[in-house]
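So the chains spell out like this:
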Amino acid sequence: MVAEDLDNGMGVGRHRSNLPQHWVELEAPRRKALGSLAAVQPIPVRDDLRALEGYHSPQVDVAIRLNTNESPLPPPAAWRDAFAAELSRVDWNRYPDRAATDLRQAIAELHGVDAANVFAANGSNEVLQTLLLTYAGPGRTVATFEPTYQLHGHIARLTGAQLAEGERAADFTLDLAEVERVIAEAQPMVTFLCSPNNPTGLEEPRANVERVLDLAPGIVVVDEAYGQFASWSALELIDDARALVVTRTFSKTWSMAGTRLGYLVGPTWLVAELDKVILPYHLDTAKQIAGRLALRHVGEMETRVTEIVAERERLSTELAQLAVDVIPSGANFILFRPRQRGGRQVWQELLERSMLVRDCSGWPRLDNCLRVTIGTSDENTAFLAAMKEIC
């Protein structure tokens, strides 16, 4: 008999004559399947996802990174020490608290609500995803007003919902007549506002939010990822009698982008429904500890917010003295449009100086626009110096 080598599953060849007959019989189909792998065609995705592009934020190794709206400063040293100490005492062989009880209670105390009004997840994007899995989906419509945060529409499409996209006014403010038209025609189950709006930075006035609440037949979501930098918050309007949700994140003010922790505040009946949809034990123990401990440093974080807002105003004032159109911002970033140079060209020349900002010039209605995150005072000064050379 001619010997034939077989793989025993551990990368070791074995002699056919040394194998039991039933092993040889079991091995034959596997070998045949492996031999035909090259002919296998990719399995198609859902029809409604074929043309969908992912959400990406290109990263480049530069000296000054001002493109992703992160905090320019790390968390407080006291937070690091307390976090490390608590991690050393975690029972890692046990699942985390499924209800994130202590974290939700700490967030509730921060905002003066009950823990039953708080839902926390892995970044505000998972909060949005859970909300849309619960209230959107096939046969339902989600409304957005462009330009705005791209993931609102992206996640809505992933759930199978129809997207009704309204247009903002020429100055990027919310056009209430357009809102009324879109809501009347689409009857959305979820309507998104973003305040301050990303990428424009504009705050949504309270009167606008209240008007949208009056018009919308379903849930109104106010995305306040940058809410701490604004002059007011829709959290003031939270009430069990209103279908209003406000989403927040720990990535900006709290210097915890690496943690991926977000939450919403909303009616108790809505939070109870989200708890049915989210996967079990979705929020790991370390994340729950990190968020709870961060909320012990409210005073220091508020001081940082004040400093960032002051730097934002400095950048806005000095950019406006150049050949640049500056959009008023209530966030930790500024959207601007060079008047005499192409936005992509300015982005490239900043990159050649080892500075990275967000290139929005290819986005709908944002021709030649760039977005800069407010960095440290030194980073902002370097950015302004470069802009004076370029523009």
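What comes next is a walk through the structure. Please read all numbers here as calculations on a predicted model, not as lab measurements.

## A word on the sheet that holds strand β11 (residues 324–326)
Taken in spatial order, the 5 strands of this open sheet run β3-β13-β14-β12-β11, and their pairing is mixed. Two strands in the sheet have a free side with no partner beyond their single neighbour: β3 (64–66) and β11. Strand-to-strand, the axes of this sheet are offset by a mean angle of 35 degrees, without reference to chain direction. Taken together, the 2 bridges between strand β13 (residues 355–359) and strand β14 (residues 370–373) define a ladder with antiparallel strand orientation. Bridge assignment links Asp359 to a residue of β14, and that residue is Leu370. Contacts from helix α10 (residues 298–319) reach β11, β12 (333–338) and β14, with the element oriented near 10 degrees to β12.

## Overview of the packing of aromatic side chains
For any pair of aromatic rings, the description rests on two quantities: the centre-to-centre distance and the angle between the ring planes. All told, the structure shown has 6 aromatic pairs when counted by the stated rule. Ring geometry for Tyr226 versus Phe333: centroids 5.0 Å apart, planes at 80 degrees, classification edge-to-face. You can see Tyr226 sitting in the loop between β8 (219–223) and β9 (244–249) and its partner Phe333 sitting in strand β12, a full 107 residues away along the chain. Like Tyr226, the residue Phe333 is buried in the burial classification. The interplanar angle of 65 degrees and the centroid separation of 5.8 Å between the aromatic rings of Phe250 and Tyr263 together place this pair among those described as edge-to-face.

## A short note on the pairing of strand β6 (residues 162–167)
Bridge count for strand β5 (residues 141–146) against β6 is 6 bridges, and the pairing is parallel. Note on β6: the bridge partner recorded for Thr144 is Glu165.

## Quick word on the packing of helix α11 (residues 343–352) against helix α12 (residues 377–390)
Axis separation between α11 and α12 bottoms out at 10 Å; the angle between their running directions is 125 degrees. Comparing the axis directions of α11 and α12 gives the class oblique. The crossing of α11 and α12 is right-handed. Contacts from Val346, Glu349 and Leu350 of α11 reach α12 at Phe383, Ala386, Met387 and Ile390. Classifying every residue of the contact of α11 with α12 gives 6 nonpolar, no polar and 1 charged.

## Regarding the sheet that holds β8
In sheet architecture, strand pairing relies on hydrogen bonds along the backbone and comes in two forms, parallel and antiparallel. As summarised here, the arrangement of the 7 strands in space is β4-β10-β9-β8-β7-β5-β6, forming an open sheet in which the pairing is mixed. The two strands at the open ends of the sheet, each matched to only one other strand, are β4 (118–121) and β6. Between one strand axis and the next, the sheet turns by 25 degrees as a mean value, whatever way the strands run. Strand direction decides the pairing type here: β8 and β9, joined by 4 bridges, are parallel. Bridge assignment links Val222 to a residue of β9, and that residue is Val246.

## Some details on the environment of Ala184
Structurally, the position occupied by Ala184 is in helix α6 (residues 176–186). Take Ala184: its relative accessible area is 53%, and that puts it in the exposed class. In sequence terms Ala184 and Ala216 are 32 residues apart; their C-alpha atoms lie 8.5 Å from each other.

## Remarks on the nonpolar core
In terms of nonpolar packing, the biggest core is built from 46 residues, with Leu193, Val220, Val222 and Phe250 touching the most fellow members. Here this core takes 5 residues from helix α9 (residues 285–294), the largest share from any one element. Val222 has contacts with Leu193, Ser195, Val209, Ala234, Leu244, Val245, Val246 and Thr247, leaving out every residue within four places of it along the chain. Counting 30 residues, the second-largest nonpolar core is a separate cluster that includes Ile64, Val324, Val346 and Leu384.

Definitions and limits used
Every chain begins its residue count from 1, and numbering advances along the sequence as written. Per-residue local features are limited, in this predicted model, to residues with pLDDT of at least 70; the limit for side-chain atom pairs, both in listing and counting, is 80 or more; totals at the level of whole chains, interfaces and linings are taken over all residues. By convention in this description, side-chain values take in all heavy atoms of the structure and omit both hydrogens and water. Here, any two strands with at least 2 DSSP bridges between them count as paired. Counting from the N terminus, the helices are DSSP H or I runs at least four residues long and the strands are E runs at least two residues long. Every axis corresponds to a line fitted to the C-alpha atoms, with the helix fit spanning only the stretch in contact, and the corresponding angles, defined between N-to-C directions, vary from 0 to 180 degrees. Here a residue-residue contact requires only that any non-hydrogen atoms of the pair lie within 4.5 Å. Stacked, edge-to-face and tilted labels apply to pairs of Phe, Tyr and Trp rings (six-membered ring for Trp) whose centres lie within 6.5 Å, assigned for plane angles under 30 degrees, over 60, and everything in between, in that order. Three labels apply to residues, based on accessible area from a 1.4 Å probe with only protein chains included: buried if under 20% of the type maximum, exposed if over 50%, partly exposed otherwise in between. Angles are sorted into four bins: roughly parallel if under 35 degrees, roughly antiparallel if over 145, roughly perpendicular if 65 to 115, and oblique for all others. The sense of a crossing depends on the near helix, which, turned anticlockwise from the far helix by less than a right angle, makes the crossing left-handed and, turned clockwise, makes it right-handed. For this scheme, ten residues count as nonpolar: Ala, Val, Leu, Ile, Met, Phe, Trp, Tyr, Cys and Pro. Four count as charged, namely Asp, Glu, Lys and Arg, and the remainder, Gly too, count as polar. Working definition of a nonpolar core: buried Ala, Val, Leu, Ile, Met, Phe, Trp, Tyr and Cys residues. They are joined through side-chain atoms within 4.5 Å.

These results come straight from atomic positions and should not be treated as a statement about function.
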